[in-house]
Amino acid sequence: MEGNPINWYPGHMAKAKRMLEENLKLIDVVIELVDARAPTASRNPDFDALFQGKSRVLLLNKSDLADPATNKRWIGYYKRQGIEAAEVTASAQNAKTTAIRLIEKATAERVKRFEEKGVKKTIRVLIAGIPNVGKSTLINRIAGEKRAQTGDKPGVTKGKQWVKITPHLELLDSPGLLWPKLGDVKLSEHLAFLGSINDEILNIEELAEHLLATLRELKPDALFERYKKLSADTPEGALLEGVAKSRGFVLKGGVYDTERAARIVLDEFRAGKIARVSLEQPPKEEDDGEAE
Ligand SMILES: Nc1nc2c(ncn2[C@@H]2O[C@H](COP(=O)(O)OP(=O)(O)OP(=O)(O)O)[C@@H](O)[C@H]2O)c(=O)[nH]1
Ligand SMILES: [Mg+2]
């Protein structure tokens, strides 16, 4: 992955970033979505500078795919850092209530100030985050109908789109934004596991092999249950082949179809079919600082 900076930050992202900068003055609050399975990797470090001075809320989305106890620990961690945060599942009903409550809380003072002048303020909310974290899904959930396009791959939303929820609440959908420089290799790999990087620039067999090794550490029982030929004894480097064996993916000449197995593993992990798993843990309370 390290040698692959070419499409990591494709041209449309630079354009999307400019679009955000141009629209920022209209925005009353920024809702930043991260993936609950990897909140550190999926948090765009550029956002602090980009959204400086804005009221901000952090949502750990896809909480249904992450370990429930770890979700709670992350929320506790952000609270201790003074960050307004909550866990949500944009694809489920409750996300709307949570999002609206946080938007109202973040804008209450502003709305009140306008009210004092006899004006009903229209609140404009930017939904921001890296690709594929569920921004458009959340917008549809709040709108109560499919207004923004969604999909299980990165780069679905291409341009800006305002979605009017009520006469006084508008949401701005935005394309997923990565940052220009690839940092920590492990964190980048988490992004690739989550499906936030275009699979076409990745070696998916290597990626799936690493994912299987990670899952064997974190959730061995669930992994062995899903792919019956895998066990604690399967040698490192032979996990993907074990998946191909488990599913009977054999090519002509008896060769295992590890490419097909890789796609299956990534798809099933991303859809939460293997296990609820958190790839990252917050630091313990006594040594709050950098997350692992
Ligand atoms: N299980 C689960 N899936 C979700 C959740 N939120 C979104 N998804 C799925 O994640 C995928 C990506 O969702 P999108 O809403 O298109 O993501 P996005 O952030 O708008 O992505 P880009 O526009 O590409 O940046 C879709 O397949 C959604 O159905 C969630 O809370 N739980
Ligand atoms: Mg989108």
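Report on the accompanying structure. Along each chain, residue indices are assigned from 1 in the same order as the chain's sequence is written. To label them, take the chains in the order written and letter them from A, then take the ligands in the order written and number them from 1. The predicted nature of this model means local features are confined to residues of pLDDT at least 70 and side-chain atom pairs, given and counted, to a pLDDT of 80 or more, with totals for whole chains, interfaces and linings taken over all residues. Computation of side-chain values covers all heavy atoms of the structure but excludes hydrogens and water.

Nonpolar side chains in soluble globular proteins tend to end up buried together. The criterion is simple. A nonpolar core is a set of buried Ala, Val, Leu, Ile, Met, Phe, Trp, Tyr and Cys residues joined through side-chain atoms within 4.5 Å. The buried label goes to any residue with under 20% of its type's maximum accessible area, the exposed label to any with over 50%, and the partly exposed label to all in between, with areas taken from a 1.4 Å probe on protein chains only. One finds Phe51, Leu59, Val125, Leu126, Leu212 and Phe269 to be the most contacted residues of the largest nonpolar core, which totals 73 residues. For this core, the element with the highest residue contribution is helix H7 (residues 204-218), accounting for seven residues. Annotation comment: domain bounds sourced from an automatic or database domain assignment. Mapped onto the domain boundaries, this core takes at least three residues apiece from domain 1 (11-181) and domain 2 (203-270). When near neighbours in sequence (up to four residues on either side) are disregarded, Leu212 contacts Leu223, Tyr227, Leu230, Leu239, Leu240, Val243 and Val265. Listed in part, the 10 residues of the second largest apolar core include Leu58, Trp74, Ile75 and Tyr78. Secondary structure is summarised from DSSP: a helix means a run of H or I of at least four residues, a strand means a run of E of at least two, and numbering begins at the N terminus for each. It only takes one pair of heavy atoms within 4.5 Å for two residues to be counted as in contact.

Turning to the coordination of the magnesium ion (ligand 2), a few remarks are in order. Water is not among the atoms examined, so metal sites may look incomplete; donors are the N, O and S atoms within 2.8 Å of the metal, or within 3.2 Å for Na, K and Ca. At this site the magnesium ion (ligand 2) is bound by Ser136 (OG) and Thr157 (OG1), with donor distances of 1.9 to 2.2 Å. Of this pair, Ser136 sits in helix H5 (residues 135-143) while Thr157 sits in the loop between H5 and strand E5 (161-166), and the two are 21 residues apart along the sequence. For the residue pair Ser136 and Thr157, the accessibility class agrees, reading buried in each case.

On to the pattern of salt bridges, then. By convention in these notes, a salt bridge is any Lys or Arg side-chain nitrogen within 4 Å of a carboxyl oxygen on Asp or Glu. This structure, assessed with the given rule, holds 17 salt bridges. A salt bridge links Arg43 to Glu32; its shortest N-O distance comes to 3.6 Å. Of the two residues, Arg43 sits in the loop between strand E1 (29-35) and helix H2 (47-50) while Glu32 sits in strand E1, which places them 11 residues apart along the sequence. Between Arg147 and Glu145 there is a salt bridge, and its shortest N-O distance comes to 3.1 Å. The class for Arg147 is partly exposed, based on a relative accessible area of 33%. The network of salt bridges with shared partners includes Glu32, Arg43, Asp48 and Arg56.

Below, the discussion takes up the environment of Glu87. Tracing the backbone through its elements, the reader meets Glu87 in strand E3 (residues 85-87). For Glu87, a relative accessible area of 24% translates into the label partly exposed. Beyond its immediate chain neighbours, meaning those up to four positions away, Glu87 contacts Leu60, Ser63, Asn71, Lys72 and Ile75. For the purposes of these results, a polar contact is taken to be a pair of N or O atoms within 3.5 Å, where, inside protein, one atom must be able to donate a hydrogen and its partner to accept one; residues adjacent in sequence count only when each atom of the pair is a side-chain atom. Within the structure, Glu87 has its side chain in polar contact with the side chain of Asn71 (distance 3.5 Å).

Here we come to the sheet that holds strand E6 (residues 169-173). If you walk across this open sheet you meet the six strands as E3-E2-E1-E4-E6-E5, and the pairing is mixed. Among the strands making up the open sheet, the edge pair consists of E3 and E5. Neighbour-to-neighbour, the strand axes of the sheet open up by a mean angle of 25°, direction not taken into account. Pairing of E1 with strand E2 (residues 55-61), which is carried by seven bridges, proceeds in the parallel orientation. Each residue of the ladder has a partner; that of Val29, found in E2, is Ser55. Pairing between two strands is assigned when DSSP locates at least 2 bridges connecting them. Between N-to-C directions, angles cover 0 to 180 degrees, with each direction set by a line fitted to C-alpha atoms, over the stretch in contact for helices.

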